[in-house]
2 protein chains.
Amino acid sequence: MLSYTEENYLKSIYHLSEGGTKAVLTNEIAASLNTKAATVTDMIKKLSSKELIEYEKYYGVNITKKGKQLALSIVRKHRLWETFLVQKLNFQWDQVHEVAEQLEHIHSSLLIEKLDEFLGHPTADPHGHPIPDKNGRIKQEKQVVLKDALINKTLYVCAVRNGSPSFLQYLSKIGVQIGAKVLVTERIEFDGSLEVSIKDNNPQLISREAAENILVKE
Amino acid sequence: MLSYTEENYLKSIYHLSEGGTKAVLTNEIAASLNTKAATVTDMIKKLSSKELIEYEKYYGVNITKKGKQLALSIVRKHRLWETFLVQKLNFQWDQVHEVAEQLEHIHSSLLIEKLDEFLGHPTADPHGHPIPDKNGRIKQEKQVVLKDALINKTLYVCAVRNGSPSFLQYLSKIGVQIGAKVLVTERIEFDGSLEVSIKDNNPQLISREAAENILVKE
DNA sequence: ATAAAAGTTTAGATTAGTCTAAAAAATAAT
DNA sequence: ATTATTTTTTAGACTAATCTAAACTTTTAT
């Protein structure tokens, strides 16, 4: 069984590794947990010896399958508790995080399964984040290729199909990153290009080819 | 703010001091927390320096007003959570204690007030133990002088009016202690003495004078 | 390509909570 | 009332989590 502190490090590493494919760096973890790099190095060794992460000196860490499962169970608890606080106890969405940070460390699988049932097996928390099921599976949001997105519907970038440097550089340039808000304002029939507002900025044109390689969700 | 461990020591001292008037001894605390006397001595000094208990070497500890308020707030949380687990999540009464031992240490006054409201401000937990209100006040069970108790009604000793050694020695002899089950089987009109079964033992006579000094509740 | 800067790890200390063993005090027994 | 027993405290050590400062790698810049 992990300690409160070990759970927090594992969760942090999980979140930092989400989306990205690169190893998570010591300083990133230190920053996210408001602690010092030296402290992180010690904890990294500990989690590594428990085979929850893979660690190579100076190069950062990657989470293992076992570590990911554990991290997901903590995320599940956090999001179920947030849902409980908002839906049953009438908390405001901005009041729940701190309390859920504590509640997520309660150890009782019976409790969490009964809570899940009490809440009607929700699949997303009040912030819209997906709640992993008891096996750690996250209900995949239906992703849509930006090219096929409805006009004037607020959407969020969740993935790219093409990982080539040139494409990624282009995306950075126009402000597209994972999680960015996008709105298709017009579809040009002639060449399939789109007029898109990114992060509420002025609409700009992007090519059909680019729009075929960006995935969005609600 | 107290640590998880400090809270557990304080709660234990509170429970051990309940009912009794004597100081709580080091070994009693050690036994109730499954720890060693030496460890208890250290923690006693710490709680004493925070003015939550009064400590005199070799003589044991007494809880202060401030300590009692804090202990009551932990008891309140424990019992509200137990009530939640049974009433809302359908736990069996024997499944709740361990989980409530964890939940009682969550720090959030907003959470506990909203939970209290959600549960309809209950005054007793599933075991029948009273739930202190937010000011630490416990709804006083109606106590009855044993002399006036109904015949053949199961009752429990909750206090004595007279603390003299001779009376207490007498009570010990006949098996009466705080919490003991008692049943008045007959009231002798002639001298006001009672025939009483204590802890399901054979009924025995006790004097009117004794019966006037024993308090019972349901 | 070498020097400077940035990031990471090691070394050594600190605090909270715990333990065992020995010393000290209180209680019980002869 | 002196000795024996029990209880409590002190002393010293250990683990987990943390820190600062120094040493070591890697990356960046000239």
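Residues numbered from 1 in each chain as written. Chains lettered and ligands numbered in written order. Predicted model: local features only at pLDDT ≥ 70, side-chain atom pairs only at ≥ 80, totals over all residues. Heavy atoms only, no water.

K.L.:
Can you walk me through the domain arrangement of chain A in this structure?
P.N.:
As a measure of interface size, the accessible area lost when the parts come together is often cited. Per the domain assignment, the segments making up chain A are domain 1 (4–63) and domain 2 (144–217). Distance from the C-alpha centre of domain 1 of chain A to the C-alpha centre of domain 2 of chain A: 32 Å. (Domains from an automatic or database assignment.)

K.L.:
I'm lost on the interface of chain B and chain A in this one. Help?
P.N.:
On the chain A side, the residues contacting the 20 residues of chain B number 20 residues. The tally of links from chain B across to chain A stands at 4 residue pairs in polar contact (both at pLDDT 80 or more). Ranked by residues supplied to the side of chain B that touches chain A, first place goes to helix 6 (residues 109–118) of chain B with 5 residues. Its residues assigned to classes, the side of chain B that touches chain A comprises 12 nonpolar, 6 polar and 2 charged. (Contact = heavy atoms within 4.5 Å. Polar contact = N/O pair within 3.5 Å; in protein donor to acceptor, adjacent residues only side chain to side chain. Helix = DSSP H or I, 4+ residues; strand = E, 2+ residues; numbered from the N terminus. Nonpolar A, V, L, I, M, F, W, Y, C, P; charged D, E, K, R; others polar.)

K.L.:
Sorry, what's going on with the relation of the copies chain B and chain A here?
P.N.:
One copy of the chain maps onto the second through a rotation about an axis and a displacement along it. Note on the copies: chain B fits chain A at an RMSD of 0.7 Å, the axial shift is 0.4 Å, and the rotation between them is 178 degrees. Here the copies are linked by what is in effect a two-fold axis. Scanning chain B for the C-alpha nearest the rotation axis identifies B:Leu103, at a separation of 3.6 Å. Comparing interface residues between copies, 100% of those in chain B also lie at the interface in chain A; the contact surface is shared. (Least-squares fit on C-alpha atoms with pLDDT ≥ 70 in both.)

K.L.:
Help me out: how do you make sense of the sheet that holds strand 6 (residues 194–198) of chain A in this one?
P.N.:
Sheet strands pair via backbone hydrogen bonds, and the direction of the pair is either parallel or antiparallel. Residues and elements named next belong to chain A. Here we have 6 strands laid out as an open sheet, ordered 3-8-4-5-6-7, and antiparallel in their pairing. Because the sheet does not close on itself, it has two edges, and the strands there are strand 3 (144–145) and strand 7 (204–206). Pairing of strand 3 with strand 8 (residues 214–217), which is carried by 2 bridges, proceeds in the antiparallel orientation. Counted as the bridge partner of Val144 is Val216 from strand 8. (Pairing = 2+ DSSP bridges.)

K.L.:
Help me understand the pairing of strand 5 (residues 181–187) of chain B in this model?
P.N.:
Across a regular strand the side chains alternate sides, sitting on one face of the sheet and then on the other. Residue and element names in this part refer to chain B. With 2 bridges connecting them, strand 4 (residues 155–160) and strand 5 associate as antiparallel partners. Looking across to strand 5, one finds that Leu155 is bridged to Val182. Bridge count for strand 5 against strand 6 (residues 194–198) is 5 bridges, and the pairing is antiparallel. Across the sheet, residue Leu183 finds its bridge partner in strand 6, namely Ser197. Counted between consecutive antiparallel strands, the loop separating strand 5 from strand 6 contains 6 residues, among which Gly192 sits at a positive phi close to 75 degrees.

K.L.:
Help me understand the protein's contact with DNA strand C, please; the structure alone is not making it clear to me.
P.N.:
Around DNA strand C sit 22 residues in total, of which A:Lys45, A:Tyr55, B:Ser3, B:Thr39 and B:Lys46 are the nearest. Near the protein, meaning within 4 Å, the atoms of DNA strand C are sugar or phosphate in a fraction of 81%, with bases accounting for the rest. A:Tyr58 has a polar backbone atom sitting 3.0 Å from a phosphate oxygen of DNA strand C. Only helix 2 (26–33) and helix 3 (37–49) of chain A together with helix 1 (4–17) and helix 3 (37–49) of chain B provide two or more residues apiece to the surface near DNA strand C. With 5 residues, helix 3 of chain B is the largest single contributor of residues to the surface near DNA strand C. (Near = heavy atom within 4 Å.)

K.L.:
I tried to follow the packing of aromatic side chains on my own but got confused; where do I start?
P.N.:
For any pair of aromatic rings, the description consists of the separation of the ring centres together with the inter-plane angle of the planes. Tallying each qualifying case throughout the model produces 7 aromatic pairs over all chains. Centre to centre, the rings of A:Phe84 and B:Phe84 are 5.2 Å apart; their planes meet at 55 degrees, and the pair counts as tilted. Residue A:Phe84 is found in helix 4 (residues 65–87), and its partner B:Phe84 is found in helix 4 (residues 65–87); the two belong to separate chains. For the pair formed by A:Phe84 and B:Phe84, the shared burial category is buried. When the ring of A:Phe118 is compared with that of B:Phe84, the centres are 6.3 Å apart and the planes differ by 80 degrees; the resulting orientation is edge-to-face. Here B:Phe84 lies in helix 4 and A:Phe118 lies in helix 6 (residues 109–118), a pairing that spans two chains. One aromatic cluster is present, built from ring pairs that chain together A:Trp81, A:Phe84, A:Phe118, B:Trp81, B:Phe84 and B:Phe118. Stacked on the ring of A:Phe118, the Lys or Arg A:Lys88 has its end atom at 4.6 Å from the ring centre. Stacked on the ring of B:Phe91, the Lys or Arg A:Lys114 has its end atom at 5.6 Å from the ring centre. (Phe/Tyr/Trp six-rings, centres within 6.5 Å; stacked < 30°, edge-to-face > 60°. Buried < 20%, exposed > 50% of the residue type's maximum accessible area, 1.4 Å probe, protein only. Lys NZ or Arg CZ within 6 Å of the ring centre and 35° of its normal.)

K.L.:
Please clarify how the pairing of strand 6 of chain B should be interpreted in this entry.
P.N.:
All names here are of chain B. Here strand 6 lies mainly inside the structure; 4 of its 5 residues are buried. By the bridge criterion, 3 bridges tie strand 6 to strand 7 (residues 204–206) in an arrangement that is antiparallel. Counted as the bridge partner of Val196 is Gln204 from strand 7. Linking strand 6 back to strand 7 in an antiparallel pair, the connection comprises 5 residues, with Lys199 at a positive phi of about 50 degrees.

K.L.:
Quick question: what am I supposed to make of the packing of helix 1 of chain B against helix 3 of chain B here?
P.N.:
For any two helices packed against each other, the geometry comes down to the angle between their axes and how far apart the axes lie. Residue and element names in this part refer to chain B. For the pair helix 1 and helix 3, the least separation of the axes is 11 Å and the interaxial angle reads 95 degrees. Put simply, helix 1 runs roughly perpendicular to helix 3. Mapping the contact onto sequence places Thr5, Glu6, Tyr9, Leu10 and Ile13 in helix 1 and Thr39, Val40, Met43, Lys46 and Leu47 in helix 3. Residue classes in the contact of helix 1 with helix 3 are distributed as 6 nonpolar, 2 polar and 2 charged. (Axes fitted to C-alpha atoms, helices over the stretch in contact; angles between N-to-C directions. Parallel < 35°, antiparallel > 145°, perpendicular 65-115°, else oblique.)

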